[in-house]
Amino acid sequence: MRGLFSAIFACSALIVVSAQMATGPGNGYKREAGVVSSALPAPLREIGFDQNIGRSLPLDTAVRDETGRTVRLGEYFGKRPVVLIFAYYSCPMLCAQVINGMASALGVVSLQPGRDLEIVAISFDPRDTAETANTKKAGYLERYSRPGAAAASHFLTADQPSIDRLTKAAGFRYVWDEQTRQFAHPTGVIVLTPDGRFARYLFGIEYGPRDLRLALVEASAGQVGTPVDTLLLYCYHYDPMTGRYGFVVIRALRVAAGATVLALGTFVFVMVRREKRQAGARGTQAARPKRFL
């Protein structure tokens, strides 16, 4: 109960700050201006995320685990929400930062790997092998060393047809840059429901623990997390343009108003009961026969 009231207080306290930052009805954060597409190098104009929220990842796709065994992707789904990363394991720059950023965020979130979530990384480079997958997983587990993390984290490889099928379904657009001899690709993680539907896309190389936790709670339909998370989800709204959760002032006002009414009602109830007890005690004393010496 104390945590619930703390969440109510947090929602209420953010109303003033969010109102100052709002740029439109229902927004609790500032939108940044985009970059003109013609100013970008040609490969970067072809990459990006197409958010296919609500659609399904083809779980019957064949992939290989860290031992080189061919498995169905669906083996890692079914019970818990899944954090999905597309990364090639020989990437010298962004992929390592994406994986490290996810590990850092998961290290702060109190949800337990294997109980509350699964982590799946899929290489989009068909040249990756079980050896490179294990090497990348070992580095990741140095950052995310929570009990159960090794068993709940799966670094997979696949052949090109499977890669094409999975990346297309996820809306993950990447290209091979012949000039740099590297893949150009977007950065971010995808949170999926236990049955493999795309729920939320979080962009960049660093992910706010609050955003990641709320995305997992939403993807699980409330099966993980606490009542406080449910209340915070009412106060925060996912914006697909930014891949973040923004504070919704009007909802927070409703929560604050409801909490105020509840507090006042509780106060009146307690005071009325106290007054009745005191009146009853005075009546009992008045009814007692007086003794005279």
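Not measured: the values here are computed from a predicted model.

Q: Would you take a moment to explain the sheet that holds strand E10 (residues 188–192) for this structure?
A: Strand pairing in a sheet is mediated by backbone hydrogen bonds. Such pairs are either parallel or antiparallel. Sheet architecture is open: 5 strands sit in the order E6-E5-E4-E10-E11, paired in mixed fashion. Each of the sheet's edge strands pairs with one partner strand only, and the pair in question is strand E6 (153–156) and strand E11 (198–203). When the angles between neighbouring strand axes are averaged without regard to direction, this sheet yields 20 degrees. Pairing between strand E4 (residues 82–86) and strand E5 (residues 118–122): 5 bridges, direction parallel. Following the sheet pairing, Phe86 is matched in E5 by Ile122. Helix-sheet contacts for helix H4 (residues 130–143) involve E5 and E6, and the interaxial angle to E6 is about 150 degrees.

Q: Whenever I open this one, helix H7 (residues 209–219) confuses me. Can you help?
A: Because each turn of an α-helix spans 3.6 residues, side chains separated by three or four positions end up pointing in the same direction. Of all 11 residues that make up H7, 8 are buried, and the element is covered over most of its length. Every buried residue belonging to H7 is among Asp211, Leu212, Arg213, Leu214, Ala215, Leu216, Val217 and Ala219, and all of these are buried. Two residues or fewer past H7, Ala221 is found with a positive phi of approximately 55 degrees.

Q: When you look at the packing of aromatic side chains in this model, what are you seeing that I'm missing?
A: Each aromatic ring pair is summarised here by two numbers: the centre-to-centre distance and the angle between the ring planes. On inspection of all chains with the given rule, the structure shows 16 aromatic pairs. Ring centres of Tyr89 and Phe155 lie 5.9 Å apart, and the angle between their planes is 40 degrees; this geometry places the pair in the tilted category. Here Phe155 lies in strand E6 and Tyr89 lies in the loop between E4 and helix H3 (94–108), a separation of 66 residues in the sequence. Tyr89 sits in the buried class, given a relative accessible area of 6%. Geometrically, the ring pair formed by Tyr140 and Phe155 is tilted, given 5.3 Å between the ring centres and 50 degrees between the ring planes. With Tyr140 in helix H4 and Phe155 in strand E6, this pair connects stretches of sequence that are 15 residues apart. In terms of burial, Tyr140 and Phe155 fall into one category: buried. Taken together, the ring pairs connect Phe49, Phe86, Tyr88, Phe124, Phe172, Tyr174, Trp176, Phe183, Phe198, Tyr201 and Phe203 into an aromatic cluster.

Reading guide: rules and limits
- Residues numbered from 1 in each chain as written.
- Predicted model: local features only at pLDDT ≥ 70, side-chain atom pairs only at ≥ 80, totals over all residues.
- Heavy atoms only, no water.
- Pairing = 2+ DSSP bridges.
- Helix = DSSP H or I, 4+ residues; strand = E, 2+ residues; numbered from the N terminus.
- Axes fitted to C-alpha atoms, helices over the stretch in contact; angles between N-to-C directions.
- Contact = heavy atoms within 4.5 Å.
- Buried < 20%, exposed > 50% of the residue type's maximum accessible area, 1.4 Å probe, protein only.
- Phe/Tyr/Trp six-rings, centres within 6.5 Å; stacked < 30°, edge-to-face > 60°.

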